[in-house]
Each structure stands twice: as structure tokens, then as C-alpha cells.
Amino acid sequence: MKLDQALLHLIFVAQCSSFAFNQNGNSKQKHFQKQKHVLVAPLASSTSEQTEEIEAGTLASILTNDDDAKSSRTQRIMEKTSDEQSSGAGGSSTYEAFLRVEANWQRLKESKALTGYDEKLLNGNAIPTFITSDGAQGNPRAWEKLREIGTNGVTTDYDVVVCGGTLGIFIATALLIKNPELRISVVEGGKLKGRAQEWNISRAEMEELVELGVLTQDEVEKSITTEFPGCRSGFKNREVTPLKGGYFENDVGYECVTPNVLNCGVAPAMLIDMVKDRFESLGGTVMESTRIGGVVVSELQGAAIDLVGDDVEPLTSRLVLDCMGNASPISRQQRYGMKPDGVCAVVGSCASGFDKETNLIGDIIYTNSEIQDKGDNGKLQYFWEAFPVGIGRPGGLNPGESDVKTTYMFTYFDADEKRPSLNTLMDDYWDLLPKYQPSITNPETDLDVQRVLFAYFPTYRDSPLQPKWSRVLAVGDASGIQSPLSFGGFGALTRHLGRLSDAITDALEANCLHRDDLALINPYTPNLSAAWMFQKAMSVKIGQGVDSKFVNRLLATNFQIMDDMGKKTIMPFLQDVVRLDGLLGSLSRSFVADPTFMPQIVAHVGLPRLLDWMGHVSMIALYTGLHSAVTPVLKPLVMDMKDQRKRFQLLRQMEAWEYGSGMDYKFEEE
């Protein structure tokens, strides 16, 4: 008992440290939440299925500019491509969908913040209510059905209702494998199917689905339709390929190839069909083409999901999982009035017509130009990403035989109203693509474009999103668990799928469904918070002066050092996992390699933000120590505890140490 008490005391001290830093480190953010709200309609993002309809003429007017030829090029190309629709980011590739996303982006940029969070200051514009625990709001039929629970043996319809099926089907299946007795339903607003465009992921990440039983090894092999050796990272002031030496040797930049990172292209349509079949074979229910009108929550009785339609009965559940992505109406309501702290905007296409002989590996992050001065739109550093399609698999094409490639151009910035439209970014993409892929000169005539890709991903420092309502938990991109450097989605989910399925199963068994209990499943993770520094270093504020070579110099130097340190340093970083060993090792060597650059970095990101980042790094160190030294001793004691709630809480704390320090990352030899 003395050891047990001592360990619990140590955990309490660590929790206090984490809480104190999180409160202090995020104090400005919390002040912002209380003091600033936006007096506009709820801010929708790029993938919302709930976005209100806007007339086509209004949408088209957003794209009006002085260069009619340029503004019509995207339209001409998109109108030649397939109009196939699926849910999720990148699921729609029509020009109409592009206009809707553009309209949402425009609305987000134009939103204004002012002091005061009191609803009285909203001038009658009440916060839109999608989810509520107020019995005076929401659908009366849903409340009526909730009140029946517990009377005459009435129970909830389900233990878990998963809202959003594209990625929600994976967590639903993992839960049903953990506990086959659970009653689970997946509700999808459209057809539950994956997009035509491949998802790129590493084979090791796919193997995690096998370990969880979500897929078999044979199904993994079937779903992988492209496989190549690895991906290039490169940061250059101008296009020089191949490039030898380091930044200070060639005055251009640095590039390297890392094996087994995002080197597998999986077919989402096939993958989701297989997981859906497994889910239904285990007794799960899928409700397709079923739109959700809202959610009402009773802390004691459960939650009721209001389904759109006059004769459609609400569903009741013990727990609701929000898997509706970064455009989730639940997270949107919770973040109402907040502008994102950062945005990753991405445009691209999948097309044939590229040079076959050089279509051998991917690019995971690549630059071939300095920071672009876009005038009133601010300064932007453009990054590229590219993946071969249809090579390296049995029965398919060999490397060097396919001319099909997916290319993306992306950039980081804030949501200032002066930022460029997605149409501007798309124009730049078409203009700059021949420079990036010199085998073509005119994308419109040289390429057969199969799909055009576009999205913007808002990110918030206050992430992961803590539950505001009991019995409702955000999962995946809806929670903000993805790195601010990435596009989120499938890869971000697979890393956490095992942890989430364990935690949610435990929560249901222990009846730990209060929002305070569920908050332990989406805890403060210092390595995620520390990643914000990297996004800020790769973006330029409106009006900020910066050397046009700043980003390339910073990244070329750091990537050369990480590459020299080996795969154990560079591979976790490329898969959005920040670990203490790689972070401190690379930073210290970077300082030695380029000591005169440090003042520029401090000036660019700002001293307050740098100090805030150092605080998160110190918490990574603490979490690393706790995971390495305390968890091995504590976990056997916790597993023997009879108090289910205490066991649930301590298991979640140990998971926070593991994932918050990046110690969950599995290296290849492991």
C-alpha cells in the first residue's frame, strides 16, 4: 500500500504540473475564448455536409477577378472530370463543390471578433444550436424518447451511435471487436463509401488495423493499390534536381529520401467496404443517407439523435461519437465565434500525362521556391507533395511504367481577411506545376486530369477539444487531435485507434460518461501543442517582414541534421509524432550548425510564443520520464484495482503520458 500511495502521490504531482502549465500556457487562449466571439453565422469549413445552400450566382461572384482567363481555367478543367461524390475531405471534386468550399473560406476570413462573450452582445444572433442539454431546446420528440428510458424496462436503442461513417466505421468496428455485446450504429449523411482518390499511408500504420482485428492481412494487401520505396523531403530556393550537399554547400537547399513513409496508396472505396462488411457481420448497424438534425443530451438518461425527416424516429444512445471531421456541427458549435489559430490550405489534382521514368517515389514535403510575396494577400511559402499512382503491386504496373500522379500544393497561414482565395491558390498551382513537374508545360493540355482536390483545414491551439457535454465525445479530426502540420484524416486516426477503442470500451463498462471522464480520453498532449511552433515558423503574418529564404534555410538545415541522425529521428517527425530524443538532438545540432540564424528565428516566431513552446517541451520531458519510469510499476497495480472509475482514470493518465511524449511510436525493428 505504501508503494501504491507513493505512486498515486507522484501522479497527483504530475497532474498538477500538467494542469498548471496547461492553464498557464493556454491562458491567453482561454481569455480569447471568453472575450472574443464572432458575430456571424457559424463558421463552416471545407468538408461540411451541413453547410447551408447558397445560390450559384453568389458563389460564382466570389471568384470574380481581373483575369477572366485564369478564373475560368479551374472551371474548365473541373468540368471535364468525374463528378463522383463521397463523404469526407476530398470526397467531392465538382466545380459546384469548389464554389461551396470557397464561399465557406470567404465567410471565415471575413468574420470579425469583438470583446465580450455575453450572448446579449450578439444583437439577437443567438448561437445556432445543434446539440443541447437544455430541455427547452432541441426536438421535443427526442426529449420525449429520452424520458421513457428506465420506465417499464425501456433502454437506449444503442450503446454507441457514431455520427459520420467515412472514418467512424473504423472506430465502430474496433469497439465491436473489443466488446461484441455492444449495440453500435453508424449514421452517415450520404452513402458510406470512400473517395476514388487513394489515401497515402505507411504499411506499418496499416498493420495496426490488423493488430486490432479491423482488417485481415489479406484485406490489407488487397486494399494497397500502390507501393513505392519511400518519399523525398526537400527544401530549395530554386528547382535543382537532383541536388547534392547541404544548404551552406550549394546555396540552394537540401533533399533526402526516407523509406517506408506514406509509401502505400490504399483504395478508400475498397477499404471502407471491407470494414463496413466486417462491422455488419459482427452485428453493427449502418444507416446511410440519414442526416442528423441535432443531438439532445440528458446526463442521467443518455443522448438522443434527431434524424431529419417527418416520420423518422430519433435514436437514443448511451454515448455519441462525433466522427464528422473538422466541419462537425458539434465542434463548430462548441468553437462558435472563434477563428482558427492556423489554417493549412491545400489544392491539387490526380492526373495522367507525367513522365513515367521519374514517377518512382513520392514527395512528402518539398519546396522549390522562396517565400512568395502576394501583395495584399501576404507572404506565402508554397510546399509540394506528390505520390505515384498504380505502381509496385502484383498484377499492376512496375515502377517507371505509370504516368499517373497525385500532386498537392499547400501552404500555412492564418484566417486574416486579406488571405488569398482558394481560387488564387488554384491558379498558382496550375502556373507553378510545370516548374515542379518539368515534363509538362501546360497542365490543361498536357494532362488528363481525373480529379481536382481542394480543402482548407482549420487548426486550433486549444486542442484536442475537451467535451462540453456529457455522453458526447469527439474523435479524429473533429477533436483536433491531428497535427497542425498535417491534413489529418486516416493516418491521424490509425495512430490513436487502439487507444481510443480501449478507452471508450472502458468508459462504457465503468459508466464513466460524464464530460469530466470523457475529457481524459482527449487529454492535453504536450507534443501536439509543441508542433504549433513548427507551423508558425513556416508561415508569415500579414505585414511581417522576413527574409524570403527563411523557411528553406530553417527546414533544409533541420532536415539535414535529422537525416544524419537516422531513421529514429526523421521517421517519427514525418509521421507527425514529436519525441523528446529527436527534438532535442536535432535542435541542439541545428544551433551548432547555424548559430547566427537563431536571432532570426526568435524574431520571426516571437519571444512569448517561443517561451510557451519551451514550456510544452518541458512537459514532453516530464511525460517521457513518467511513461518510462512510473508506468511499468504502476500499470500492474492499476489493472488489479476493483474501483472501475479509478482504474479508468489512471489508465487514461498513463496513456496521456505515452501519447503526449510520442513514446507510442513503434519503430520498424520493434
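Residues numbered from 1 in each chain as written. Predicted model: local features only at pLDDT ≥ 70, side-chain atom pairs only at ≥ 80, totals over all residues. Heavy atoms only, no water.

Novice: Talk me through the overall build of the protein chain; I want residue IDs and the actual numbers.
Specialist: When its secondary structure is counted, the protein chain shows 24 helices and 22 strands. For the protein chain, with 670 residues in total, the buried portion stands at 58%. Within the protein chain, contacts between residues separated by at least 24 positions form 80% of all contacts whose residues are at least 6 apart in sequence. Split by element, the accessible area of the protein chain, about 27200 Å² in all, is 52% carbon and sulfur. (Helix = DSSP H or I, 4+ residues; strand = E, 2+ residues; numbered from the N terminus. Buried < 20%, exposed > 50% of the residue type's maximum accessible area, 1.4 Å probe, protein only. Contact = heavy atoms within 4.5 Å. Areas by Shrake-Rupley, 256 points an atom, 1.4 Å probe, with all protein chains shown as cover.)

Novice: Report on the pattern of salt bridges, specifying residues and quantitative values.
Specialist: With the rule as written, the count across this model stands at 27 salt bridges. Residue Arg 461 pairs with Asp 612 through a salt bridge whose shortest N-O separation is 2.6 Å. Linking Arg 461 in the loop between strand 21 (448–459) and strand 22 (472–474) with Asp 612 in helix 23 (residues 607–639), this pair joins segments that are 151 residues apart in sequence. Across this residue pair, the class does not change: Arg 461 and Asp 612 are buried. Across the salt bridge formed by Asp 506 and Arg 652, the nearest N and O atoms sit 3.3 Å from each other. Here Asp 506 is found in helix 15 (residues 490–510), whereas its partner Arg 652 is found in helix 24 (residues 644–660), with 146 residues between them in sequence. Accessibility expressed as a relative area gives 3% for Arg 652, which makes it buried. Salt bridges sharing common partners tie together Arg 203, Glu 221, Glu 227 and Arg 393. (Salt bridge = Lys/Arg side-chain N within 4 Å of Asp/Glu carboxyl O.)

Novice: Could you give an account of the sheet that holds strand 21, naming the residues involved and the relevant values?
Specialist: Spatially, the seven strands line up as an open sheet ordered 9-8-16-19-20-15-21, and their pairing is mixed. Looking at which strands have only one partner, the edges of the open sheet turn out to be strand 9 (253–259) and strand 21. Averaged over all adjacent pairs, the angle separating strand axes in this sheet is 15°, with direction ignored. One ladder, built from six bridges, connects strand 19 (residues 383–388) with strand 20 (residues 404–413); its direction is antiparallel. What sits directly across from Trp 384, in strand 20, is Met 409. (Pairing = 2+ DSSP bridges. Axes fitted to C-alpha atoms, helices over the stretch in contact; angles between N-to-C directions.)

Novice: Requested: an account of the sheet that holds strand 7 (residues 224–227), with residues and values cited.
Specialist: What the three strands build is an open sheet, ordered 6-10-7; its pairing is antiparallel. Looking at strand neighbours, the two that pair on one side only are strand 6 (199–201) and strand 7, the edges of this open sheet. On average, each strand axis in the sheet is tilted by 30° relative to the strand beside it, whichever way the strands run. Taken together, the three bridges between strand 7 and strand 10 (residues 264–266) define a ladder with antiparallel strand orientation. Paired with Ile 224 across the strands is Val 266, a residue of strand 10. Sitting on the sheet, helix 8 (residues 203–211) is in contact with strand 6, strand 7 and strand 10, with an inclination near 95° to strand 6.

Novice: Any chance you could break down the nonpolar core for me, citing the residues and the numbers?
Specialist: Counting 54 residues, the largest nonpolar core has Phe 383, Met 538, Phe 550 and Phe 559 as its most contacted members. Ranked by residue count, the leading element in this core is helix 19 (residues 550–565), at seven residues. Setting aside residues up to four positions removed in sequence, Met 538 forms contacts with Gln 381, Phe 383, Tyr 412, Leu 485, Val 551 and Leu 555. Of all hydrophobic cores here, the second largest spans 48 residues; its members include Cys 264, Phe 279, Cys 323 and Phe 648. (Core = buried A, V, L, I, M, F, W, Y, C linked by side-chain atoms within 4.5 Å.)

Novice: I'd like a description of the confidence of the model for the protein chain, backed by residues and values.
Specialist: Of all residues in the protein chain, 86% attain a pLDDT of 70 or more, and the chain-wide mean is 88. Note on residues 22–70: pLDDT under 50 across the span, and 104 contacts to partners over four residues away in sequence or across chains. Within the model, the stretch residues 119–124 combines pLDDT values under 50 with eight contacts to residues more than four positions away or in other chains. (pLDDT = per-residue confidence, 0-100.)

Novice: Give me the lowdown on helix 7 (residues 168–178), citing residues and values where you can.
Specialist: Counting buried positions along helix 7 yields nine of 11 residues, so the element is predominantly enclosed. Turning to helix 7, its buried residues number three or more, namely Gly 168, Ile 169, Phe 170, Ile 171, Ala 172, Thr 173, Ala 174, Leu 175 and Leu 176.

Novice: Describe the packing of aromatic side chains, with residues and values.
Specialist: Counting across every chain of the model gives 21 aromatic pairs. With a centroid separation of 5.2 Å and 80° between ring planes, the pair formed by Phe 98 and Phe 454 is classed as edge-to-face. Within this pair, whereas Phe 98 is found in helix 5 (residues 95–110), its partner Phe 454 is found in strand 21, the two being separated by 356 residues in sequence. Exposure class is identical for Phe 98 and Phe 454. Each is buried. Among the aromatic residues, those joined into a cluster by ring pairs are Tyr 366, Trp 384, Tyr 429, Trp 430 and Tyr 436. A cation sits over an aromatic face here: Arg 335 above Tyr 460, 4.0 Å from the ring centre. Between the NZ or CZ atom of Lys 405 and the centre of the ring of Phe 354, over which it lies, the distance is 5.5 Å. (Phe/Tyr/Trp six-rings, centres within 6.5 Å; stacked < 30°, edge-to-face > 60°. Lys NZ or Arg CZ within 6 Å of the ring centre and 35° of its normal.)

Novice: Requested: an account of the side chain of Gln 381, with residues and values cited.
Specialist: Note that Gln 381 resides in the loop between strand 18 (379–380) and strand 19. By relative accessible area, Gln 381 is classed as buried at 1%. From its side chain, Gln 381 meets the backbone oxygen of Ser 369 in a polar contact 3.1 Å long. Once residues within four sequence positions are removed from consideration, Gln 381 is found in contact with Thr 367, Ser 369, Glu 370, Ile 371, Phe 410, Thr 411, Met 538, Val 551 and Asn 552. (Polar contact = N/O pair within 3.5 Å; in protein donor to acceptor, adjacent residues only side chain to side chain.)

Novice: Go over the environment of Leu 637, please, and point to the residues and values.
Specialist: Mapping Leu 637 onto the fold places it in helix 23. Residues Leu 637 and Arg 647 lie 10 residues apart in sequence; the distance between their C-alpha atoms is 9.4 Å.

Novice: With reference to specific residues and values, describe the packing of helix 19 against helix 20 (residues 567–574).
Specialist: Put simply, helix 19 and helix 20 touch, their axes get as near as 5 Å, and they point 125° apart. The angle between helix 19 and helix 20 places the two elements in the oblique class. Residues Phe 559, Met 562, Asp 563 and Met 565 of helix 19 form the contact with helix 20, whose own contacting residues are Thr 569, Ile 570, Phe 573 and Leu 574. Of the residues in the contact of helix 19 with helix 20, the class split is six nonpolar, one polar and one charged. (Parallel < 35°, antiparallel > 145°, perpendicular 65-115°, else oblique. Nonpolar A, V, L, I, M, F, W, Y, C, P; charged D, E, K, R; others polar.)

Novice: Which residues make up the environment of Gln 560, and what are the values?
Specialist: Its place among the elements puts Gln 560 in helix 19. In this structure, the C-alpha to C-alpha distance between Gln 560 and Gly 246, residues 314 residues apart in sequence, is 7.0 Å. With residues near it in sequence (within four places) discarded, Gln 560 still touches Gly 246, Tyr 247, Glu 249 and Tyr 254.

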